[in-house]
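Residue strings, one per chain:
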Amino acid sequence: MGHLTRLSTGDTDVDDENERDEEDDRDDAIDTDEIHLPNDDENCCQTENIDLVMVQQVVECENTRFVNLEVGDRSNNPEVEFEVENTSLVASPHDLQHAVKMFSIKAHQEFTVYRSNASVLVLQCKKAPQCQWRLRAMTVKDTGMFRITKYKGPHTCVNPCINQDHSQLDSSFVSKYIETLVKAEMTVTIGAIQAVVAEQFGYQISYQKAMKAKRKAMTRLFGDWYKSYAELPRFFLALEQSNPGCIMYSKTVPGNNPNEEIFQRVFWAFAPSITGFAHCRPVLSIDGTHLYGKYKGTLLIAMGCDGNNQLFPLAFAITEGENTDSWSWFLACIRVGVTQRKGLCLISDRHPGIIAAVNETYSGWTQPDACHRFCMRHLASNFNTKFKDKTLKDLMCRAAMESKVKKFISHMDTIGRINAEARNWLEQIPLEKWALSYDGGRRYGIMTTNMSNFSPLNFYRVMITSQQREHGASRLASGEEFTPHIDAKIKAKVVKAGAHEVLLYDHVAGRFHVKTRHSVGSSNRKPRTYHVTLQTGSCTCNKTLLLGFPCSHILAACHCRAIDFRQFVQGYYTTRAYLSTWAPLFYPIFDELEWPQYNGPIIVPLDSMKRLTSSRPKSSRLHNEMDARETRTPQTCGLCKQSGHNRRSCPNRETNDRRS
């Protein structure tokens with residue numbers, strides 16, 4: 001049995017840096033080499049073979065195989081008594097440690113470590129010698145297990161006030177309590193952890209302690225940060241073993257030691273994604289998000305969009321950051337290992353690294369192999385940051401979303417009348433990169449990269465379930481030809497087409513004049529006439545070309561001549577294509593014991609990527625108005641309780657000051 005660490009410091013399996021809170025360490029100030037117990041411990045009332053689990057029943061949410069400690073009703077009797085039910089069981093050091101901490105927290109009393117070594121553990125009340133509470137546990141011969149052999153109690157001390165924290169409620173203890181919570185929801189916030197602890201134990205722990213507790217829980221669940229780098233090669237071998245066809249590329253640099261390489265980048269794409277993407281629209285959205293773990297880095301993501309307008313994860317990479325080299329490498333990996341489709345539309349923000357990578361010769365992302373478009377939301381944010389005018393921003397978004405060139409020009413003229421510099425700023429950007437009316441149908445109406453805000457963990461949840469697969473099979477069996485998203489769009493347009501007036505003027509070419517009537521609620525709007533050519537499936541409203549399914553004007557013309565409109569719906573929107581997108585199965589990775597062996601160099605992280613502090617990581621994100629919530633709670637003054645200002649700017653501040 002290894003040396004039993006002091007009880008108040010937490011588990012012996014703390015992380016590689018032995019990170020501890022100040023609260024975790026303050027009970028460790030006693031030097032056990034200089035303090036010795038009296039030979040007879042004559043002040044302790046001996047209870048032979050008292051087992052650990054006297055302490056365990058106070059843990060209401062845990063099952064125990066040990067003897068129980070019951071905390072009686074203290075309303076009339078301030079003393080806490082042990083009731084020993086079974087003395088035949090013993091406990092491991094970790095179980096003993098956890099249970100005694102739990103008892104102390106529930107009893108609202110604190111202890112310190114009086115003696116701790118490989119064979120004996122002695123605890124005493126934090127207020128000793130005023131309080132005589134003491135507990136001693138010793139090892140059972142040849143077992144490495146501990147049994148409580150002596151106990152003197154209960155506590156005779158009282159707390160002078162209500163404490164906001166408890167010394168035994170350290171990060172290691174909290175990490176064990178929240179382990180199930182973290183496993184169920186790995187993105188649980190630190191604030192949520194603080195709230196859970198406060199509700200369960202009645203103490204408000206610090207942000208730092210909650211953060212360290214979550215980090216320790218993550219380490220127990222998923223392994224050590226440093227060691228996980230060394231496990232990457234085996235993990236990807238296991239991924240390929242369970243899902244043949246998965247792609248993985250990595251980039252390392254020579255390490256400081258023999259047979260050691262330093263991690264720089266890794267790229268991977270799952271086999272079901274590679275197969276399913278062939279049935280999605282030829283549009284890719286890419287974006288990057290910063291990693292906030294123990295080591296810095298950036299997660300790069302490429303997403304597609306299925307025929308039902310749902311996210312479809314395609315490829316991921318972890319790199320040292322966002323720069324031209326990392327984006328070039330990421331995009332090259334996609335072209336080499338994932339898809340060689342011609343005519344892809346790549347949507348991104350205007351990060352200089354992305355623009356430079358896309359424009360590289362022979363990158364595979366220039367015309368005619370692909371085209372590059374900008375995210376409207378990011379562009380609008382840049383625009384608003386520069387000109388700080390919400391009206392201009394709204395006009396810019398309406399111009400970008402407009403399908404007709406004439407209306408686009410009208411919005412741009414309005415922007416120019418308000419601010420000529422704003423219009424010039426927009427016109428410096430090629431119109432086809434951000435305006436839908438000039439797009440030519442390449443982006444299929446997808447105007448933002450919001451769909452790329454997706455993680456590999458979400459991908460696993462999506463792909464491992466059969467919801468989309470079953471949905472597609474069910475619709476195909478029931479004879480539904482199109483996905484629910486497109487089906488609803490077409491039905492709405494059919495209703496709208498019923499109010500159109502159709503006039504045939506070229507029977508051979510199938511050309512029609514389609515006249516719209518007054519819209520409901522818009523009596524002042526003049527009727528408009530659109531030219532439809534069924535032979536080419538075109539309409540002057542431009543929506544069929546831009547979106548890939550017929551507009552209401554084409555539907556009206558088809559109805560007039562009894563022509564099947566389904567020929568004008570692109571195949572990506574069919575139920576069969578939707579089912580084919582999600583048909584490939586994703587198989588769970590085998591148990592770690594069955595992973596293939598890896599005999600290559602040991603992968604280690606780069607030292608400079610390690611965060612220098614264990615405190616809350618500073619955000620690397622450049623925050624802007626996109627991060628603001630759409631609806632904000634009105635600001636309320638603390639003095640007059642009126643909205644629209646705060647206490648400092650309150651017009652009644654002087655009056656309130658005189659009254660006070």
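In the block above lies the structure referred to throughout.
Residues numbered from 1 in each chain as written. Predicted model: local features only at pLDDT ≥ 70, side-chain atom pairs only at ≥ 80, totals over all residues. Heavy atoms only, no water.

Participant: Could you clarify how one ought to interpret the packing of aromatic side chains in this entry?
Facilitator: The geometry of an aromatic ring pair is captured by two quantities: the separation of the ring centres and the angle between the planes. Enumeration according to the criterion identifies 24 aromatic pairs in this entry. Both rings, one in phenylalanine 312 and one in tryptophan 582, keep their centres 5.1 Å apart while their planes meet at 75°; by these two values the pair is edge-to-face. One end of the pair, phenylalanine 312, is in strand β10 (residues 311–319); the other, tryptophan 582, is in helix α20 (residues 575–582), with 270 residues separating them in the sequence. Each of the two residues, phenylalanine 312 as well as tryptophan 582, counts as buried. Here phenylalanine 408 and tyrosine 438 contribute two aromatic rings whose centre-to-centre distance is 5.3 Å and whose plane-to-plane angle is 75°, an arrangement assigned as edge-to-face. Placement of phenylalanine 408 in helix α13 (residues 405–418) and of tyrosine 438 in the loop between α14 (420–427) and α15 (456–464) is noted, with a sequence separation of 30 residues between them. Each residue in the set Phe235, Phe236, Trp268, Phe270, Phe316, Phe586 and Trp595 is aromatic and connected to the rest through ring pairs, giving one cluster. (Phe/Tyr/Trp six-rings, centres within 6.5 Å; stacked < 30°, edge-to-face > 60°. Helix = DSSP H or I, 4+ residues; strand = E, 2+ residues; numbered from the N terminus. Buried < 20%, exposed > 50% of the residue type's maximum accessible area, 1.4 Å probe, protein only.)

Participant: For this particular structure, what's the right way to read the sheet that holds strand β16 (residues 538–539)?
Facilitator: Hydrogen bonding along the main chain pairs the strands of a sheet, whether they run parallel or antiparallel. Reading across from one edge, β13-β14-β15-β16 is the order of the four strands in this open sheet, with antiparallel pairing throughout. Looking along the sheet, the strands with just one partner apiece sit at the ends: β13 (501–506) and β16. Where strand β14 (residues 511–515) meets strand β15 (residues 529–533), five bridges bridge the pair, whose relative direction is antiparallel. Of the residues in β15, the one forming a bridge with valine 514 is tyrosine 530. Contacts between helix α19 (residues 552–560) and the sheet are confined to β13, β14, β15 and β16, with β15 contributing the most and set at about 60° to the helix. (Pairing = 2+ DSSP bridges. Contact = heavy atoms within 4.5 Å. Axes fitted to C-alpha atoms, helices over the stretch in contact; angles between N-to-C directions.)

Participant: Where do I start with a nonpolar patch on the surface in this structure?
Facilitator: On the surface, Val405, Ile409 and Tyr438 cluster together into a nonpolar patch covering about 210 Å² of accessible area. Its location among the elements puts isoleucine 409 in helix α13. (Patch = residues over 30% accessible without salt bridge, like charges linked within 9 Å, V, L, I, M, F, W, Y side chains within 5 Å. Areas by Shrake-Rupley, 256 points an atom, 1.4 Å probe, with all protein chains shown as cover. Salt bridge = Lys/Arg side-chain N within 4 Å of Asp/Glu carboxyl O.)

Participant: Help me understand the pairing of strand β2 (residues 111–116), please; the structure alone is not making it clear to me.
Facilitator: In regular strands, side chains alternate between the two faces of the sheet. Burial of β2 is extensive: six of the six residues sit out of reach of the surface. When β2 meets strand β3 (residues 120–125), the two strands line up antiparallel, connected through five bridges. Note that in β3 the partner of arginine 115 across the bridge is valine 122. Turn length for the β2-β3 hairpin, with the two strands adjacent in sequence and antiparallel, is three residues.

Participant: So what exactly am I meant to see when it comes to the pairing of strand β12 (residues 370–374) here?
Facilitator: Of all five residues in β12, five are buried; the element is thus mostly enclosed. Side chains Ala370, His372 and Phe374 of β12 all project onto a buried face; the interleaved residues Cys371 and Arg373 project onto the opposite face, where all are buried too.

Participant: Would you mind showing me how to read the nonpolar core here?
Facilitator: In summary, soluble globular proteins display a tendency toward joint burial of nonpolar side chains. Counting residues in hydrophobic clusters, the biggest one holds 29 residues, and the most contacted among them are Phe267, Leu284, Ile286, Phe330, Leu331, Ile334 and Trp365. Mapped by element, the contributors of at least two residues to this core are β7 (260–269), β8 (283–290), β9 (298–305), β10, α9 (324–338), β11 (344–348), α10 (352–358) and α20. Among the elements that make up this core, the one with the highest residue count is α9 (seven residues). Ignoring sequence-local partners within four residues, the contact set of tryptophan 365 consists of Leu284, Leu331, Ile334, Arg335, Leu344, Leu346, Val358, Ala370 and Cys371. (Core = buried A, V, L, I, M, F, W, Y, C linked by side-chain atoms within 4.5 Å.)

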